[in-house]
Each structure stands twice: as C-alpha cells, then as structure tokens.
2 protein chains.
Amino acid sequence: MKRLLYGGTVVNVFTGELERANVLIENEKIIGVGAYSPDDADVTEDITGKFVCPGFIDGHIHIESTMLTPSELAKLCMPHGTTAIVADPHEIANVCGMDGIRYMMESSDGIPMSVYFTLPSCVPATAFDEPGAVLKAEDIRPLYENKQVVGLAEMMNYPGVLLGDRDVYRKIGDAIERGKVVDGHAPFLSGKDLDKYILAGVTSDHECSTADEAIEKIRKGQWVMIRQGTAARNLTELLPLFDGAYSHRCILVTDDRHPADLMRDGHIDNIIRLAVKHGKSVITAIKMATIQAAQCFGLRFVGAVAPGYRADLLVLNDLNTVDIEDVYSRGEKVVQRKQMKAFDCPEIAEELCKTVHNSFHTKELTVADFHIAEKGNNCRVIEIIPGQLLTREQVCRIDWSKNNGIDTARDILKLAVIERHKNTGHIGLGFIKGIGIKNGAIASSVSHDSHNIIVIGSNDEDMVIAANHIRKNGGNVVVSAGKIIADMALPIAGLMTELSGEEIALANEKVRRAVYELGVPGDIEPFMNMAFVSLPVIPSLKMTPQGLVNVDKQERISLYCD
Amino acid sequence: MKRLLYGGTVVNVFTGELERANVLIENEKIIGVGAYSPDDADVTEDITGKFVCPGFIDGHIHIESTMLTPSELAKLCMPHGTTAIVADPHEIANVCGMDGIRYMMESSDGIPMSVYFTLPSCVPATAFDEPGAVLKAEDIRPLYENKQVVGLAEMMNYPGVLLGDRDVYRKIGDAIERGKVVDGHAPFLSGKDLDKYILAGVTSDHECSTADEAIEKIRKGQWVMIRQGTAARNLTELLPLFDGAYSHRCILVTDDRHPADLMRDGHIDNIIRLAVKHGKSVITAIKMATIQAAQCFGLRFVGAVAPGYRADLLVLNDLNTVDIEDVYSRGEKVVQRKQMKAFDCPEIAEELCKTVHNSFHTKELTVADFHIAEKGNNCRVIEIIPGQLLTREQVCRIDWSKNNGIDTARDILKLAVIERHKNTGHIGLGFIKGIGIKNGAIASSVSHDSHNIIVIGSNDEDMVIAANHIRKNGGNVVVSAGKIIADMALPIAGLMTELSGEEIALANEKVRRAVYELGVPGDIEPFMNMAFVSLPVIPSLKMTPQGLVNVDKQERISLYCD
C-alpha cells in the first residue's frame, strides 16, 4: 500500500533546506520525495501547511532509569517524535547479567519504536561493587550477532583504557572488529589522556559539561552527545556547539530521564525546543536528532526524508515549537493527532521473565542485621551535598549510648547497603548526614550500579520493614512508625515496572513527597542522593555491602577512624 | 617507534579549523595531536611553518584508464598527496573476468597507496557486447570477503534498476546486506526515476554535469562525486557545490585520468587547486578529499588528523597551492621532499599473470577478414563528433567500384571490431566518417567496454597489419604503407603496461602524434573517439563484433538501409 503525504514542507537534513515536496511511503520505506500526485498512491494524507521531518533518535538512554518497559516508554516518547533510541541496558545487566540484556532485547522486539542496543561495557562498574553479574568480553561477544546491537556502551572504565586493561581492550576490539561503535564516558578527560582514550577506539562522549571540553573532543574526532536528562543537564553549557562547524559532530541524548519529566517536558523534542528558545536553529537541532545520530551509530537508511530511508517520519504543525501531530514508524502511522495508537506488546521467553521478576536473593532481614558493632567513637560519616552526586567524608563522634549511634538531633542517620544478588549476607553499615529523616526509614533497590538494597533510617525497626519490603517488591518505600506510608514497586529486576508512565510517575511522586512526612527538609531529594551513595566511582566516600570505600584513593576504609 | 611532527599547523577536517598542534605517530596510527614534545617521541621532524592534512582519497578511479599497474600509479599519485583510491576494475573484468579483478587486487596488495575496490556491477555493460566474461551476482559475491572491497561499483545499468532486473537487484542486495556501499552512475536521471534508482540502494553518483543535477541528488541523500578526469571534467559546472550545506555531501574523484595529465597537472591535489583558483575554500575541498570520502565509503579511522586515525598524512609547504613536501602512508614516510621512495612491488600469482598477459584469443587475421560483402548501395555510416563520445548515424551512398567502399575523398573509412576473447571469429565491419585518415590504419585494444580489437583504416592491408600487431602486443598502433610507424604496447589485458608513468605517457604521445602523419586533421583525437565507437551504451550508432547497433532503439541494425 502506497501512502502519500501531500502539501507539506520537508525538512531536508542533508542540505538544511525546507522543501515543498510530497512524500510517498510504501511498506517500511520512503519511496519518493517530490512531485508525486494522489494518483501515485493508494492512500493520501493532506498535510498542507504542515512540516515533515525524520523521526528523532535518542542516541544514549538507559531505559531502566525511566522505570518503564520498552513498550511503555514507547507510548510515552513516540508522541514526542522519538522513533528510535539507542539503549544501554547497563543497570539490568548489573542485576541479571546476560538474561537482563536479553530481557531488554526481547521486550523491545517489534514495538513501534526502534530500539538499538549498545552492550554494557562495565559490569560491574568497579571491583568494589557486588553486582548480580560480572560480564567479560567473552560473555557479551555473542550478542553482536543481534542486528539491533550497534556497539559497545559507554566505556566508563577510562582508567582501564589508559592502563591497558586486557578485558577492556578485548571488549573494544570485539566491537571495532565487527564494525560497531564504542561509546565513551570520560568526564573532564583531556589532552594526552584523552588522546589515549580515543586512540583505543572510543568515538563518542556524553559527559561533556563545558563547551571547551566538547570542542576538544570534537576536534579529536569524537561525536559529542549533548545530554539533557533529569539529573544531568548539559544543554545550556553546550549551546556554543550549535554554531558553525561543531554542530555537525553533535547528537542529542537524554541518558537518564524520569517519566514525570518525559510526560511534562517531552523527550528529544524538548531538547530541540530548548535549543530554539536559546536562539539556535531548529534545523541544526533536528539534524543532530536525526541524520547525525544515525551517522554516529552507522545506522544506514535511517534519519532522513529521502528515497530508500526508513519511513520514520514526523508531521509537525509548527517547526520551532516542535508541535508534533502525527508520527510514522516504519511506514505505520503510530501517533495520530497526538494520540499513540495501541499495539501488541512483545512476548518474552518465560524463563527470562522469571529471572528478572525474581532478582532478590537475600534472606529475610531482622533487626540484628542492622546492628553496628561499637568499635570506636570517631566514625567516618557520608555527607550528602544537596543536588549533587558527590559526597564528602565527615568524621563524627558517635554517641553509642542510645539507638546504636543514630542521632537525629545531629542528623546522623544509619545507612545500610544489603547485597541482594547472591545471598552473601554482606551488609555494609554506617552513618549518613544530610538526609534529615526524623522518624522512619526509606529504602530502594535503585542503587547504582549494582542495585543492592539501600536503606537509610532513624531506627532499626523501620529500616528492617523497609528493607524487607524492597526485598519482596523492589522499588522505593517510605516507612514510619512501623508502617509503610508510601511505596512504588519495581518488580522487574528491582528497576522497572509494567505500569504505564502515568501510573509510575504518580507512584513515584507519592513516594517522593512521603519522605517529607519523615521530617526531611523540602530542598532535599533523598531517593536521588541515596541512589548514588552506593556507587564507588563518584567521589568521595561511598557505601558498599562490604563497607565504606574511599573513592579518591580507590580503597576500602574502616567506619572507625580511631 | 614514535615519530613527532612538530611546529606545524593541522587542518582539522572535523571543525574546519587550522590548529597549531604537534602530531605523534606510532606504527600505522596517529596516536596524539596536541602539545606533545620531542621527549614523547623517538624521531622528530621539524615542520615549523608547514601544514599537516590527511592524505587525499580518490573516491572513484579506473586504474586501467591510467594504463599503469597499481604500483606505477602509486609512484605517480603519491607525490601529489594521494594515499588511498577506490578503484573499480571494470575494464579488466570485461577482458579477464574474475581473474582480472583478482590480478588488480593482488597487484595492489601491500603497495604504499591504499587501494580499495568496488566490484564491477555491469560486466558486460550491455547484452550487445561480446566481452571476455559475464559476471553475475554469484560470481562477484565471494569477493566481498576481501577486506579491501568496500562496495559495488557504479551501477550503470539504471534501466535494469528501474525495470527490476533480478541480477541487478541481487548484486545490490549482496552489497547492502554486507554493509557495503553501492556506487551510482546515472547521468541526467531525475525526479521519479531517480527516486526509484536511489530507493534500490544506490548512494552516490559521479556523473553529475550540472549543479542542479547534483543538488537534486544531494537532496535525495546521494553523495555526489565531483569528477575531474581527462575526458570528463565536471568541476567548473559543479563549483556551486563547494558552498553552504552542499559541500559536506561531496567528494572528489578522477574516474579516468591519463598518465600525462597526472604528471602535468596532478591528481586530487589538482582538483583542490582548481577549486581554490575559482575562489573556493581550500579547507572545504580538503574535507571533500579526505574525511568525506572516508564517510562515503564507510572507511573508519581514515581521513583525519586525529588520535586513532591511520597515519596517512601530508606535510604541505603551502595550503592554497597544495604544495606537498612529504607524504606519510600508514605511518611510513613514502614521499620525502617531493620524491617518492622506492618500494617492493607485490608478488602476483603466476597463473593470474599468465591470464592477463595472454588475453588475445583470436586467430591471425587476413585481408579476407576485412572484406565487406556488397549487399546494397546505401549504408549506415558512423559519424564521429569531435570532442564527444556520442556518434551520429549518416546514410551514405557507397561506391563499391574501388577499395571495397572506402572513399578517403569523402572521409569514408573502414571500421572493424574484432572479437578477441573467445575466438568466435566475429568481426563487425562497416564505415566511419570524421576520422580523416588518408593513408594507413590505426588499431587499439582499448575499446570500451569489452575491449575487443578495433581498427579504422583507409586500406585493408594496413588494417590487417594493425590488427595483428594489437593481437600480439595489445595497446595502440599506427600503420601506414605496410609499416608500423608508432605503437604503444599494453600487454596486461590489452589495457595496461608495466612501464612507468613517464614511459607510457611518452609512448602514448608518440602514437597520438603519429596519426597526424596519416592525414588526420589536428583537431581530432582519433584514439579517444575510437575507444568509444564500440560501446553500444552511448548514442547513437555503434559497432560491435556482430555488427552495428542502434543505441537509441537498443537493437542491432543492418549496415545496409536499402
């Protein structure tokens, strides 16, 4: 069946021109752009006065961070013009290993949004972590057979690259040998170290936080991914990249974006709107979001309105506001008058479903598990910095006389990270400042990157209830005075849910607000901070199931400093 | 061994900037660009005041048209900055089939210039032809295993594409499946036909002769190859492509360029100089000749001065005049102070050498072979148009009373095309106007695309001598009054020689001039015209071993029209 979109103006991403042209589609492809008439088609759509541009591509996203399945994410993103994403299933891989990656692939298969994958390069992110799986080069290698796999995901282990780590070089070599890309992740890397990192074969970076950093990376041949997520927002700093010769080596990505933000602000369309609001050319931004993303990943016949290209198309009422009316994916109209059409979710192998739905392997916890042995009076306490993922080390004199050292008056709360993958019984215990809970506990299974169970509380009883609740349901929970006052279940690997974007955003918001009933000050987002307290990659002091880690020195460190 | 080029200015093809930066090379790669000091290197080169840019890539060349082996071509081109070419061995494939292609691959293997191949898509160019081989999709398919093969060569058979020819689509499908490119050749194709051609998967074109034609092709997603060869020179017409958004979808190619031109004017450097002379940006032109050519063919880590890129580098005394001092290929200095260094020529399998050196399979010719049966008085005569490859049909009254119809007074000469591949005995005989020979004959084994023996003369005796000489030696010959007065042997497939560029240019010039001793007017280049008289693809009337072909109607036609 041939479908003609006639009367519109086409955004030509090759030339940057706006062209009056009709677009003829057959099956999955654009078969003609130009002076086609209704006689050339079986079905016609009058789009007079409207614009046609290629569908948007998010070049780097962790689906798990949206907490949604690929199907639900598609429902949220496609009305915003996203027809393809490049997903790095790094989070679920840390929990469920290869089965986690396979689950993501199967649950993306055949949905209206094209989901490409990069293979997680750093599982675990660090040797200090206790993840659900360790993925070596030989483990992930077979996945390159999958046609949706376009490369190796963000190589966070840049020290490993610089020091010549063998497994790191095997992983990179496997990707390059197969003609695949190697995505980078190297904040602030510069000069000779950057050269060495790029020399290894890393062709992109999404961690640029200043224009100078980005321009150096572009000069050295990398694609720069302009990231605008929920936590990390680099667009404003990177606006100079929209000018001149830099723009054609940039693409747009979200990395991590929460469903509430996706619903409220949008997805890639939101980044384009923001760029336009800052006075940048909408066509430059659209090129970044389409043909250039395709070029960055070597996706052929994707990202343009031209013969032979995949019919991933947007019909827009207005270009500068990116007001999207209809969306076509592989030639099918999937969004009509801003409404997503229903589609069948993919069937997933039963054993994969079982694995990801049974990802908590730890015994029922008791109060005794949370008891800290009193071995000294001066303890290293993790200090949260509001709005940042960094922490500081603060040495505090602990009063062991009551409540096992917890002192809400001084905002010294107990922190526990409970290994949950292999039932090792490892529980890291210590203290944290800056969260402000007065009466209760919060817990989560979203704790980067191993996603063990993390709990913060003002008393052991509430902490036990919170931790055991997460052990059963995954997700986030708020407990006070022995009662669950809000929770959001994330049954899939403790990271995702089958709920819709609306539902999970609502649940998330309830949980987020509930913490303030525990006495937390309004300017603190405890779940956000808590999710990174267990990641011994970001400075300075972090907690793992085996205890504290001094990130700067990359060594385990005692709770006690006397 | 690490080598540092210090003090120079680098042409950054990603940003279009000129950067003061030192370049560090190790083995085949650039390992650093920036503030490296002599301490970082084992060997240093002071290039203060000079420029560094990536080596040039000719995106489409028929090596056979230079008459040189790949080694000799490298010696000619590398001092002009060419470090890589994309060769289409179409001519030798028409003579020697798969062995011809393999010969070209083996004779390119390991020479200092990188030779990539596209696989001939149209052997023969037309069903009317009598080539040495017919190559189907299944014949060429195994060659994709060769890492130097980057795609399918110019798909001249655009009628086949438009009409859905199965073998054509198999060839295209094979390339695309393997992630390879499909080069185009579709002069004047436009609108819906162009859409259909591109839809098949053809991603480039080197036949654009006007800017409008090129811009349409760019808009529809094709790479446009700006061709400046010996016969076809499109640069002047295509100068608008150097401006604005078009330039980044263009590359530079020579297609066919004779050794004399290569020596006098240069190669890709010459095209860049011409563009600059016309006021275009040298950096825009360099980008076309380097990174964009690499992108067009999906060559990774080639075409830029950046970490991880292949160390194919030029050191230039001056940018605008493209004054090249040194050339590095895969990290080796191969041109020093404008002088090519000696290198070992590749060893080629003996049976391949034998095949290409024994490509004439036709019996010794006699005067009787050249006799035209007198079947009518009004004959169709091929009329040459000076400076063009087109011919016209002219009906002439033939006076059979003397010299078998030849009439030098009216410039009616005899023309013969002798099948030479399979000893079929087929000889196409007829008449030709516009060459102007008064006394003698010329013959050649360069007669597109099947490269049978073609002879034009004023008497059968000289024609026999000329034809038999070609049968033994290949190449071009000029005969008069029973004597060979000039010849240039092309023993390799009748197309190439092991001589150097200087030697073959000299021999070629001698032969070219000798024709004027036969009475040919000074404004006619008979060998140039003769080489295309046998190609029944270009209008209007052409000669094959089985007789005349009306190209416009695509049908064989009788010599006699009464």
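Cut-offs used in this document
- Residues numbered from 1 in each chain as written.
- Chains lettered and ligands numbered in written order.
- Predicted model: local features only at pLDDT ≥ 70, side-chain atom pairs only at ≥ 80, totals over all residues.
- Heavy atoms only, no water.
- Helix = DSSP H or I, 4+ residues; strand = E, 2+ residues; numbered from the N terminus.
- Rg over C-alpha atoms; globule rule 2.2 N^0.38 Å.
- Buried < 20%, exposed > 50% of the residue type's maximum accessible area, 1.4 Å probe, protein only.
- Contact = heavy atoms within 4.5 Å.
- Lys, Arg positive; Asp, Glu negative; His and termini not counted.
- Charge placed at Lys NZ, Arg CZ, Asp CG, Glu CD.
- Pairing = 2+ DSSP bridges.
- Axes fitted to C-alpha atoms, helices over the stretch in contact; angles between N-to-C directions.
- Core = buried A, V, L, I, M, F, W, Y, C linked by side-chain atoms within 4.5 Å.
- Least-squares fit on C-alpha atoms with pLDDT ≥ 70 in both.
- pLDDT = per-residue confidence, 0-100.
- Buried area = accessible area lost by both parts, 1.4 Å probe.
- Salt bridge = Lys/Arg side-chain N within 4 Å of Asp/Glu carboxyl O.
- Polar contact = N/O pair within 3.5 Å; in protein donor to acceptor, adjacent residues only side chain to side chain.
- Nonpolar A, V, L, I, M, F, W, Y, C, P; charged D, E, K, R; others polar.

This brings us to the overall build of chain A. In terms of regular secondary structure, chain A is built from 17 helices and 30 strands. Relative to the compact-globule value of 24 Å for 562 residues, chain A shows a C-alpha radius of gyration of 24 Å, a close match. Expressed along its principal axes, the backbone C-alpha trace of chain A runs to roughly 85 × 50 × 45 Å. Within chain A, the fraction of its 562 residues that count as buried is 65%. Considering only contacts in chain A between residues 6 or more positions apart, those separated by 24 or more positions represent 68%. For chain A, the centre of its 58 positive side-chain charges and the centre of its 76 negative side-chain charges are spaced 2 Å apart.

A negative phi angle is the norm for most residues apart from glycine, just as the trans form is the norm for most peptide bonds. Residue and element names in this part refer to chain A. Of note, the bond from Val 123 into Pro 124 is cis; its omega dihedral lies within 30 degrees of zero at 0°. The omega torsion of the bond from Pro 539 to Ser 540 falls at 0°, within 30 degrees of zero and hence cis. Even without being glycine, Asp 411 reaches a positive phi, approximately 55°. Here Asp 411 shows up in the loop between β21 (391-397) and β22 (412-418).

All right, on to the sheet that holds strand β5 (residues 29-34) of chain A then. Residues and elements named next belong to chain A. Across the sheet, four strands lie side by side as β5-β4-β1-β6; this open sheet has mixed pairing. The sheet is open, and its two borders are formed by β5 and β6 (43-46), each paired with just one other strand. Mean inter-strand twist for the sheet, computed between neighbouring axes without regard to direction, equals 20°. In terms of strand pairing, strand β1 (residues 2-6) meets strand β4 (residues 22-26) through four bridges, oriented antiparallel. Across the sheet, residue Arg 3 finds its bridge partner in β4, namely Ile 25.

Moving on, we come to the nonpolar core. Of all hydrophobic cores here, the largest spans 178 residues; its most connected members are Phe56(B), Ile92(B), Ile226(B), Leu241(B), Ile272(B), Phe370(B) and Val455(B). When residues of this core are assigned to their parent elements, the largest contribution, nine residues, is made by helix α3 (residues 90-108) of chain B. Beyond its immediate chain neighbours, meaning those up to four positions away, Ile226(B) contacts Leu235(B), Leu238(B), Leu241(B), Phe242(B), Cys250(B), Ile251(B), Leu252(B), Val253(B) and Met288(B). Core analysis: the next-biggest nonpolar cluster, separate from the first, contains 177 residues, Leu76(A), Val322(A), Phe370(A) and Ile412(A) among them.

Let us now look at the relation of the copies chain A and chain B. Between chain A and chain B, the superposition needs a rotation of 180° and an axial shift of 0.1 Å, giving an RMSD of 0.1 Å. Viewed as a symmetry operation, the transformation between the two copies matches a two-fold axis. Using C-alpha coordinates, one finds that chain A approaches the rotation axis most closely at Gly298(A), a distance of 4.2 Å. Here 100% of the interface residues in chain A have copies in chain B that are interface residues too; the copies meet face to matching face.

The next thing to look at is the confidence of the model for chain A. The share of residues in chain A with pLDDT of 70 or more is 100%, and the mean pLDDT across the chain is 97. Here the prediction assigns the complex a pTM of 0.96, and the interface score ipTM is 0.95.

Between chain A and chain B, the contact holds 38 residues from the first and 38 residues from the second. Here chain A packs against chain B, burying approximately 3,000 Å² in sum over the two surfaces, 53% of which is carbon and sulfur. For the salt bridge of Glu17(A) with Arg219(B), the shortest nitrogen-to-oxygen distance reads 2.7 Å. Counting across the chain A and chain B interface gives 18 residue pairs in polar contact (both at pLDDT 80 or more). Breaking the side of chain A that touches chain B down by element, the ones donating at least two residues are β5, α7 (191-199) and α8 (211-219) of chain A. No other element matches β5(A), which puts five residues into the side of chain A that touches chain B. Its residues assigned to classes, the side of chain A that touches chain B shows 16 nonpolar, 10 polar and 12 charged.

Each regular strand displays side chains that alternate between the two surfaces of the sheet. Residues and elements named next belong to chain A. Burial of strand β25 (residues 453-457) is extensive: five of the five residues sit out of reach of the surface. Burial of the side chains of β25 extends over both faces: Ile 453, Val 455 and Gly 457 are buried on one face and Ile 454 and Ile 456 on the other. Direction of pairing for β22 relative to β25: antiparallel, over a ladder of five bridges. The residue of β25 that forms the bridge with Lys 414 is Gly 457.

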